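Here is how the chains run, residue by residue.
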Amino acid sequence: MKKMTLTGAVAALLASVVLLASCGKSSKANKMAPAEYYSYIENKAVADGLKASKPYSFDEGISADFGLKLSLLKEGKALAKTYMGAMGGSAGVSDLDWLDSIDFSGNFSVNKGSLAANVTGSVNSAKINLDAVMDENSACLRVPELNKDYLSVPAAFLGQGSGLNIGEIVKAYTEYITSMPNYDEIVSEINKYKDTYLKYATDVSKTNSTLTRGGKSQELTVLTVNFEGKNAENLVKDILTLAKNDECIKRVVSSFENYQKALAPAGDAFTYGKFQEKINDFLEDLDEYGLGEFSNIKMDVFVDSKDEICGRAFKLGDEEMASYALTKDGKDFGFELSAGPDGSFASIKGNGKCKGDLYTGDYTLSLEGKELQKFTLENFDAKALKKGSIKGTIKFNPENAMMSAYQVGLDMDLNDKAQKYGLSLSQDSKKLATLDYTTKIAKVSKIKMPSNSVSVDNGEEFQKYTKALKFDNLNSIIKKIGMPKELEGQLTGAVDGLSKQFAE
């Protein structure tokens, strides 16, 4: 096995940010020794984070409602007409005055061994539906506007010519989804690894320092956690040994292995055996070589006067490899997130003002020292974040010269039950188009294969099914859209052609 690389170390440190980046309050800072206080705030940070998450389980499957809607506004239609007309589009294509919205909504459900989807698509007010139910043996499909009964297709037929067994893919995918750990398992897993980590986080020092981020400075307490020599090696060994023998990891990785093999039978799947082999190789290298240059790891934890964690810096020796910090001066704040030696790989820097728990500021995203994009984050809700939700708006003008006259906006409202994204494109403060996406956790119910299905293997019944397809309904839907007659005629003509073929 190759020795650990710098890139691998940075990735591991960034993963630590995700696990440990939280805020906690305490009045015990001056009553505890540095190591005891550090253990206290980390335990509280993890506990608060878990409390913000609601209990859930994948054992019985998952079910979610979804919606995706594209709306073209007046100014957007005019702009599209100008550009498409300049490109030589016909009047029926370039004139989009008739098009108001395109919408997809429905539900997607997964049980062990089966999955189902119900989708409604609409253009303006004209709607059409598609229902699908699949298990390892067959797929049942219907467009109720064409025929109220389902058409049943053998799973083997679906994969014909591709070398894939669609039934096996469905089975493996649903088993993978339902193998995901439930809430109680997540709590147990996080606490198990957290407790192992804290067992070695005993070398902690405490100092006071002024930290400057985004041009804003704040007096902070700095807790420096040191992992050196055998202490660092033993921490890594214990974490790896836990992972190697972790039944939850084994269940998830093994089910993912089966899913990969179903998707690519001849492919080189990532197996649970390979996972254990990599850990064994790493443990052997640790015994022989140690951690080498990575045997001196430090983490600075920045704590304000209210005993709130407001940042961390991860170091190899004295070289900073990754960090994030929020500094406050009254209602002004500064922020910086960086990766790579002293932020050389990537960074986000900015500053702004806060009003209560709402933060608004201007930021710059850089990669390898080059500025890639400036953006504004408006009304980011810090209180909601502590409860496990993300709320705020991102706005930016693309750096690309052809798109610099336009502004992109993204509204976010995300929690454990529902997610809402609102994407907009504007010019001179006038919205041209919007794209809205929503998902919401729905009640899980048992998926049943339809009883009123017609098998394609039954030649006589299949022929009756196709002759009974109501193509007139499809043409009626097309006419409800309100598109130009030229385009409408092309579509209805194509439907009439299909109708004649199935009638023969």
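1. Observations regarding the overall build of the chain
Move 1: Each helix and strand in the chain was counted, giving 14 helices and 20 strands.
Move 2: Classification of the 504 residues of the chain by burial places 40% in the buried group.
Move 3: Considering only contacts within the chain whose residues lie at least 6 apart along the sequence, 52% involve residues at least 24 apart.
Move 4: When the accessible surface of the chain is split by element, carbon and sulfur atoms take 55% of a total near 27700 Å².
Move 5: Positive and negative side-chain charges of the chain, numbering 62 and 69 respectively, have mean locations separated by a distance of 6 Å.

2. Observations regarding the environment of E189
Move 1: Within the element layout of this structure, E189 appears in helix α7 (residues 183-200).
Move 2: For E189, a relative accessible area of 15% translates into the label buried.
Move 3: Each C-alpha atom of the pair E189 and A442 lies 26 Å from the other, and the pair is 253 residues apart in sequence.

3. Looking at α7
Move 1: For α7, built from 18 residues, the straight-helix expectation of 26 Å at 1.5 Å per residue is met to within 8% by its first-to-last C-alpha distance of 27 Å.
Move 2: Along α7, the positions that sit buried rather than exposed are Y183, E189, Y193, K194, T196, Y197, L198 and Y200.

4. Comments concerning the pattern of salt bridges
Oppositely charged side chains may form a pair once their charged atoms are brought near each other.
Move 1: Enumeration over the complete set of coordinates arrives at 23 salt bridges.
Move 2: Residue D246 pairs with K192 through a salt bridge whose shortest N-O separation is 3.1 Å. Of this pair, D246 sits in the loop between α8 (229-244) and α9 (247-263) while K192 sits in helix α7, placing them 54 residues apart in sequence.

5. Digging into the packing of aromatic side chains
Move 1: Within this structure, the stated rule accounts for 10 aromatic pairs.
Move 2: Each ring, one from Y176 and one from Y259, has its centre 6.1 Å from the other, and the planes form 10°; the classification is stacked. Taken together, the positions of Y176 in helix α6 (residues 166-178) and Y259 in helix α9 put the pair 83 residues apart, joining distant regions of the chain.
Move 3: Taking relative accessible area as the criterion, Y176 reaches 17% and is therefore assigned buried.
Move 4: For Y259, a relative accessible area of 17% gives the class buried.
Move 5: Through a chain of ring-to-ring contacts, the aromatic side chains of Y173, Y176, F256 and Y259 assemble into a single cluster.

6. Section: a positive patch on the surface
Move 1: Among the surface-exposed residues, K54, K417, K420 and K440 lie close enough to one another that they form a single positively charged patch.
Move 2: Of note, K417 is situated in the loop between β17 (406-414) and β18 (418-427).
Move 3: Here K417 falls in the exposed class, since its relative accessible area comes to 55%.

7. Side note on the nonpolar core
Move 1: Counting 35 residues, the largest nonpolar core has Y38, I41, Y197, L223, F227 and V301 as the members making the most contacts within it.
Move 2: Of all the secondary structure elements, the ones that give two or more residues to this core are α2 (34-51), α7, β8 (216-228), α8, α10 (272-289), β9 (296-303), β10 (309-316) and β11 (319-329).
Move 3: Once you skip the residues sitting within four places of it in the chain, F227 turns out to touch Y197, Y200, A201, A232, L235, S295, N296 and I297.
Move 4: With 13 residues, the next largest nonpolar core counts L115, A172, I177 and Y259 among its residues.

8. A look at α6
Move 1: A rise of 1.5 Å per residue sets the reference length of α6, with its 13 residues, at 18 Å; its end C-alpha atoms lie 18 Å apart and thus fit the reference within 8%.
Move 2: Listed as buried for α6 are I166, G167, I169, V170, A172, T174, Y176, I177 and T178.
Move 3: On its buried face, α6 is in contact with β1 (62-72), β2 (101-111), β3 (114-123), β4 (126-135), α5 (155-158) and α9.
Move 4: For α6, the side-chain oxygen to backbone nitrogen distance between the N-cap and G167 is 3.0 Å, and the N-cap itself is N165.

9. As for the environment of E75
Move 1: As for its position among the elements, E75 is in helix α3 (residues 74-86).
Move 2: Each C-alpha atom, one on E75 and one on G317, is 57 Å from the other, the two residues being 242 residues apart in sequence.
Move 3: Ignoring any residue separated from it by four or fewer positions in sequence, one finds E75 in contact with K430, K431 and L432.

10. Quick notes on unusual backbone geometry
Move 1: Phi at D428 takes a positive value of approximately 55°, unusual for a residue other than glycine.
Move 2: Residue position: D428 is located in the loop between β18 and β19 (430-441).

11. What to know about the packing of α8 against α10
Relative placement of two packed helices is described by the angle separating their axes and the distance separating the axes.
Move 1: Across the interface, α8 lies against α10 with an axial gap of 10 Å and an inter-helix angle of 160°. The pairing of α8 with α10 is recorded here as roughly antiparallel in orientation. The interaxial crossing formed by α8 with α10 has left-handed handedness. On α10, the residues that touch E233, V236, K237, L240, T241, A243 and K244 of α8 are Y272, F275, Q276, I279, N280, F282, L283, L286 and D287.
Move 2: Per-class residue counts for the contact of α8 with α10 are nine nonpolar, three polar and four charged.

12. Concerning the environment of S217
Move 1: The residue S217 is located in strand β8 in this model.
Move 2: Accessibility expressed as a relative area gives 34% for S217, which makes it partly exposed.
Move 3: Between the alpha carbons of S217 and G334 there is a distance of 7.9 Å; along the sequence they are 117 residues apart.
Move 4: Among all residues touching S217, those that are not within four sequence positions of it are T210, L211, T212, K328 and D329.
Move 5: There is a polar contact of 2.6 Å between the side chain of S217 and the side chain of T212.

13. Brief notes about the pairing of strand β12 (residues 332-339)
Here is the key point about a regular strand: its side chains alternate between the two faces of the sheet.
Move 1: As defined by bridge partners, β11 adjoins β12 across eight bridges and the pair is classed as antiparallel. Within β12, the residue paired with A322 across the bridge is A339.
Move 2: The turn linking β11 back onto β12 is made up of two residues, and G330 within it adopts a positive phi angle of 65°.
Move 3: Sheet topology places β12 next to strand β13 (residues 346-355); eight bridges connect them, and they run antiparallel. Looking at the pairing, D332 lines up with K353 of β13.
Move 4: Counted along the chain from β12 to the antiparallel partner β13, the turn is six residues long, and its residue G340 has a positive phi close to 95°.

The rules we used
Residues numbered from 1 in each chain as written. Predicted model: local features only at pLDDT ≥ 70, side-chain atom pairs only at ≥ 80, totals over all residues. Heavy atoms only, no water. Helix = DSSP H or I, 4+ residues; strand = E, 2+ residues; numbered from the N terminus. Buried < 20%, exposed > 50% of the residue type's maximum accessible area, 1.4 Å probe, protein only. Contact = heavy atoms within 4.5 Å. Areas by Shrake-Rupley, 256 points an atom, 1.4 Å probe, with all protein chains shown as cover. Lys, Arg positive; Asp, Glu negative; His and termini not counted. Charge placed at Lys NZ, Arg CZ, Asp CG, Glu CD. Expected span 1.5 Å × (residues − 1). Salt bridge = Lys/Arg side-chain N within 4 Å of Asp/Glu carboxyl O. Phe/Tyr/Trp six-rings, centres within 6.5 Å; stacked < 30°, edge-to-face > 60°. Patch = residues over 30% accessible without salt bridge, like charges linked within 9 Å, V, L, I, M, F, W, Y side chains within 5 Å. Core = buried A, V, L, I, M, F, W, Y, C linked by side-chain atoms within 4.5 Å. Polar contact = N/O pair within 3.5 Å; in protein donor to acceptor, adjacent residues only side chain to side chain. Axes fitted to C-alpha atoms, helices over the stretch in contact; angles between N-to-C directions. Parallel < 35°, antiparallel > 145°, perpendicular 65-115°, else oblique. Left-handed = near helix turned anticlockwise from the far one by under 90°. Nonpolar A, V, L, I, M, F, W, Y, C, P; charged D, E, K, R; others polar. Pairing = 2+ DSSP bridges.

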